Amino acid sequence: VMGQDVLAAFNGDELLGCSILRLPDSPEEPDVKERLEREWEECSQDFAKVSNERFGIYSETQDRCTPNNDHVYLVALAVKPEAQGLGAGRALIEATSAVAENHPTAKSVVLDTENPSNVAIYEHCGYKVIAEDTLADLPVWFLERPNKS
């Protein structure tokens, strides 16, 4: 998806959840980058000023709170409500860790969450909180799981 990798969890033919990853060496194809920039310019004209400011603040916060080493960034993870608690989320988390372990330069997996209940879930899966911040009065936690090797 737009230069990012997608992992999916299935039960037979049924999609239970998916995650989006950004690898350290994700290629930025010039035509894709130009299209994204053009689309962002068009979209940003439609966004309220507050939305643009919030996105800028998020980007600055993410830059400040994430490690400067090569890492896999878990951009998003979603599991259907009816599939929660059945192991799909953990399978996606473990698959993400396997991607990082097998990547030639990645040292860890990094993610952020605004949901406090997610912090405990990620900690149970081996992640450690590396930074906490707020984004427009919304708490945000940054977590990292170092590769085992």
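Student: Mind showing me how you'd approach the overall build of the chain here?
Tutor: A tally of regular secondary structure across the chain gives 4 helices and 6 strands. When the elements of the chain are put in sequence order from the N terminus, they spell out β-β-α-α-β-α-β-α-β-β. In the chain, which comprises 149 residues, the proportion classed as buried is 32%. In the chain, the proportion of contacts linking residues at least 24 apart, taken out of those at least 6 apart, comes to 67%.

Student: Any chance you could explain the packing of aromatic side chains here in plain terms?
Tutor: Each pair of aromatic rings is reported with the distance of its centres and the angle of its planes. If you walk through the whole model with that rule in mind, you get 1 aromatic pair. Ring geometry for tyrosine 122 against tyrosine 127: centres 5.6 Å apart, planes inclined by 70°, an arrangement best described as edge-to-face. Each of the two residues, tyrosine 122 as well as tyrosine 127, counts as buried.

Student: What should I look at first to understand the layout of surface pockets in this one?
Tutor: Computed from the structure, the second largest pocket encloses a volume of approximately 370 Å³. Every residue lining the second largest pocket is counted, 17 residues in all, and those nearest its centre are Leu77, Val79, Gly89, Asn118 and Ile121. Elements that contribute at least two residues to the lining of the second largest pocket include exactly β3 (72-79), α3 (88-102) and α4 (116-124). Residues of the lining of the second largest pocket, tallied by class, amount to 10 nonpolar, 6 polar and 1 charged.

Student: Can you walk me through the sheet that holds strand β6 (residues 138-146) in this structure?
Tutor: Sheets are built from strands paired through backbone hydrogen bonds, the pairs being either parallel or antiparallel. Strand order in the open sheet formed by 6 strands is β1-β2-β3-β4-β6-β5, and the pairing between neighbours is mixed. Every other strand in the sheet has two partners, leaving β1 (5-11) and β5 (128-135) as the edge strands with one partner each. In this sheet, adjacent strand axes meet at a mean angle of 25° when their direction is disregarded. Pairing of strand β2 (residues 14-22) with β3, which is carried by 6 bridges, proceeds in the antiparallel orientation. Residue pairing in the sheet places leucine 21 in a bridge with leucine 74 of β3. Here α3 sits on the sheet in contact with β1, β2, β3, β4 (108-113) and β6, set at roughly 165° to β3. Running over the sheet, α4 touches β3, β4, β5 and β6 and is turned about 10° from β6.

Student: Before we go on, may I ask you to explain the nonpolar core in this structure?
Tutor: Most often, soluble globular proteins keep nonpolar side chains buried together rather than apart. With 22 residues, the main nonpolar core has Val72, Leu74, Val109, Leu111, Tyr122, Tyr127 and Leu143 as its most contacted residues. Of all the elements in the fold, those that place two or more residues in this core are β1, β2, β3, α3, β4, α4 and β6. Considering every element that reaches this core, the biggest residue donor is α3, with 4 residues. Other than its neighbours up to four places away in sequence, tyrosine 127 contacts Ile93, Ser97, Val109, Leu111, Tyr122, Leu143, Glu144 and Arg145. By size, the runner-up hydrophobic cluster in this structure holds 6 residues, among which are Cys65, Tyr73, Val110 and Val140.

Student: Any chance you could explain the environment of proline 67 here in plain terms?
Tutor: Note that proline 67 resides in the loop between α2 (49-65) and β3. Proline 67 has contacts with Val110, Ile130 and Glu144, leaving out every residue within four places of it along the chain.

Student: So what exactly am I meant to see when it comes to the pairing of β1 here?
Tutor: Consecutive residues of a regular strand have side chains that alternate between opposite faces of the sheet. As paired strands, β1 and β2 are joined by 7 bridges and run antiparallel to one another. Bridge pairing in β2 places aspartate 5 opposite leucine 21. Connecting β1 to the next strand, β2, in antiparallel fashion are 2 residues, including glycine 12 with a positive phi near 65°.

Rules used throughout
- Residues numbered from 1 in each chain as written.
- Predicted model: local features only at pLDDT ≥ 70, side-chain atom pairs only at ≥ 80, totals over all residues.
- Heavy atoms only, no water.
- Helix = DSSP H or I, 4+ residues; strand = E, 2+ residues; numbered from the N terminus.
- Buried < 20%, exposed > 50% of the residue type's maximum accessible area, 1.4 Å probe, protein only.
- Contact = heavy atoms within 4.5 Å.
- Phe/Tyr/Trp six-rings, centres within 6.5 Å; stacked < 30°, edge-to-face > 60°.
- 1 Å grid on protein atoms, 1.4 Å probe; cavity = no way out; pocket = protein on both sides within 12 Å on 5 of 7 lines; lining within 4 Å.
- Points joined across faces, edges and corners; volume = space filled by probe spheres on them.
- Nonpolar A, V, L, I, M, F, W, Y, C, P; charged D, E, K, R; others polar.
- Pairing = 2+ DSSP bridges.
- Axes fitted to C-alpha atoms, helices over the stretch in contact; angles between N-to-C directions.
- Core = buried A, V, L, I, M, F, W, Y, C linked by side-chain atoms within 4.5 Å.

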